[in-house]
Amino acid sequence: MFLIKLSLKNLLRHKRRTLITAAIIAWAIFFYITFDSFLLGMNDMVFQNIIDFEYGHVQVADTSYWENKDELPLENMIVNDQSMNQVLREVEGYEAHAAQLNFQVRLNDGVNETPVLGKGISPAETLNVLDYEDYIVEGEMFKPGEYKTVIGKKLAEVMNLEFGEYVTLLTRTDNDTFNTIDAEIGGIINTPNPNINQNVVFLPLDIVQDTLNVDNKVTHYIVRLEKQNFNPSIIGNYVNKVRGINSNLNVYSWRNLEEVSITQSKQAGNTFILIIILTIAAIGIVNIVILAALERMEEIGMMKALGLTEREIIFTFVAESTGIGIIGGILGCILGAISVFFFSNYGIDFSAFVDIEMSTFGVPIISEIYGVWNPMTFVYMFFFAVFGSMLASILPARWAAKKDPVQAIYKR
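Worth saying up front: this structure is predicted, and the values here are computed from it rather than measured.

Comments concerning the environment of asparagine 179
Along the polypeptide, asparagine 179 turns up in strand β8 (residues 178-189). Taking the C-alpha atoms as reference points, asparagine 179 and leucine 169, separated by 10 residues in sequence, lie 8.4 Å from one another. Ignoring any residue separated from it by four or fewer positions in sequence, one finds asparagine 179 in contact with Leu169, Leu170, Thr171, Thr173 and Thr211. Side-chain polar atoms of asparagine 179 contact the backbone oxygen of threonine 211, separated by 3.2 Å.

Structural notes on the pairing of strand β11 (residues 220-225)
Within a regular strand, the side chains alternate between the two sheet faces. Most of β11 is tucked away, with six of its six residues classed as buried. By the bridge criterion, four bridges tie strand β1 (residues 58-62) to β11 in an arrangement that is antiparallel. Across the sheet, alanine 61 pairs through a bridge with histidine 220, a residue of β11. Here six bridges tie strand β3 (residues 94-108) to β11, and the two strands are oriented antiparallel to one another. Bridge pairing links alanine 96 to arginine 224 in β11.

Regarding a nonpolar patch on the surface
A cluster of nonpolar side chains, namely Ile326, Ile330, Ile334, Leu335 and Ile338, defines an oily patch on the protein surface of about 430 Å² accessible area. Mapped onto the elements, isoleucine 334 comes out in helix α12 (residues 310-346).

What about the nonpolar core?
Counting 44 residues, the largest nonpolar core has Leu101, Leu107, Leu169 and Val242 as its most contacted members. Leucine 169 has contacts with Val105, Arg106, Leu107, Asn179, Thr180, Ile181, Ala183, Val201 and Leu203, leaving out every residue within four places of it along the chain. If you look at the next biggest cluster of nonpolar residues, it comprises 18 residues, including Leu130, Tyr132, Phe142 and Val200.

Let's talk about the packing of helix α2 (residues 15-55) against helix α14 (residues 375-392)
Angle between the axes and distance between the axes: these two values describe a pair of packed helices. At their nearest, the axes of α2 and α14 sit 10 Å apart, and the two run at 155 degrees to each other. If you check the angle between α2 and α14, you find them roughly antiparallel. Crossing handedness for the pair α2 and α14: right-handed. Note on element contacts: α14 touches α2 through Thr377, Phe378, Met381, Ala385 and Ser389, opposite Ile25, Ile29, Tyr32, Ile33 and Asp36. For the contact of α2 with α14, the per-class residue count stands at seven nonpolar, two polar and one charged.

Some points on the pairing of strand β4 (residues 113-121)
Note that β3 and β4 share nine bridges and pair antiparallel. Following the sheet pairing, arginine 106 is matched in β4 by proline 115. Between the end of β3 and the start of β4, which pair antiparallel, lie four residues, with glycine 110 showing a positive phi angle near 100 degrees. Sheet topology note: the β4/strand β9 (residues 200-204) ladder contains five bridges and is parallel. The partner of glycine 120 across the bridge, within β9, is leucine 203.

What to know about helix α8 (residues 205-212)
Burial within α8 is extensive, with six of its eight residues counted as buried. Taken residue by residue, α8 has Leu205, Ile207, Val208, Gln209, Thr211 and Leu212 as its buried positions. In this structure, the buried residues of α8 make contact with β3, β4, β7 (166-172), β8, β9 and β10 (217-218). Phi for asparagine 213, located one or two positions after α8, is positive at around 60 degrees.

Cut-offs used in this document
Residues numbered from 1 in each chain as written. Predicted model: local features only at pLDDT ≥ 70, side-chain atom pairs only at ≥ 80, totals over all residues. Heavy atoms only, no water. Helix = DSSP H or I, 4+ residues; strand = E, 2+ residues; numbered from the N terminus. Contact = heavy atoms within 4.5 Å. Polar contact = N/O pair within 3.5 Å; in protein donor to acceptor, adjacent residues only side chain to side chain. Buried < 20%, exposed > 50% of the residue type's maximum accessible area, 1.4 Å probe, protein only. Pairing = 2+ DSSP bridges. Patch = residues over 30% accessible without salt bridge, like charges linked within 9 Å, V, L, I, M, F, W, Y side chains within 5 Å. Areas by Shrake-Rupley, 256 points an atom, 1.4 Å probe, with all protein chains shown as cover. Salt bridge = Lys/Arg side-chain N within 4 Å of Asp/Glu carboxyl O. Core = buried A, V, L, I, M, F, W, Y, C linked by side-chain atoms within 4.5 Å. Axes fitted to C-alpha atoms, helices over the stretch in contact; angles between N-to-C directions. Parallel < 35°, antiparallel > 145°, perpendicular 65-115°, else oblique. Left-handed = near helix turned anticlockwise from the far one by under 90°. Nonpolar A, V, L, I, M, F, W, Y, C, P; charged D, E, K, R; others polar.

The values reported here are purely geometric and, on their own, carry no functional implication.
Structure (structure tokens):
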């Protein structure tokens, strides 16, 4: 108890230095908590945008098709029959599914032409799986058999197209010949997902199948489940069911997407920030312990002369540094909580500051980014501040404690 009181006395003796060092630790913790909240919020929004507007929770496709899906081949497709649709409904947590046919197409307005991704969809089914209906800003979703298309707002702006105009879509058929679809722009969509807004045109599935000469085939199915983070065992059960219809089929979770790699980037970024925090905290604590030791050399000599062991002297310095870590940890967590509260309730729209969309950096987000509460981050950071301060003070404390008492008293 005596040593703890002595450490507390030393902690309060130099209030300005204590507060400055604690403030350095608090700032580092505040920055880390804010950064962590930002990345978690961005990850959640990226995944939600992909699930709600592109991918769904699960996709079913031929294994050979999936391996080359980015090339949009018209090979290894699935026959869209009743037995297949029935099997898709048997997965645990099933809500809805929709057939889709992706194909290469060039959008022509009579003057300009640009390559885009064509999606043949069944409108009623697709609106149950993907969240398009509330984001159609002009017109409406077409009906089966209508020679109409829905395009993204950004694509319409780039091509100077307006609602009600006609466009020509040039594509290559399954027979390796060219064919065209003349369609009216029946709707313009503007979602939080930039890929849908600038790279995709939607057309009725039956018209696309007829144009491409693929009969009643589709490239894949999109399935929506009740929960985003479903049990992985569901995939294994689902695979067995669909392979009972076609042994070449496989089931792919949204977690299989390349975009999930952003989580790894987030972890790498957090590790880098943590290293910076560790360095700042360690330097701050080492400096304050060395300064305290140099100023109190006579005291250290007297303590040793009065019989205090090196271990007890080290304990007083370590306890003092730990106290600084506690103060810094509490301040950092309070500031971090204020930041996350603001961030999670009001979000940040980067385009309002720098006129740049996050999609410019390959992140499928164009709306505000909101933070996410992660209580464990606060716990980790507080204990990091305490134990980091304690560990950083051990070596300089040992250096001070090993001084010869006579030399210490006379500052030699």
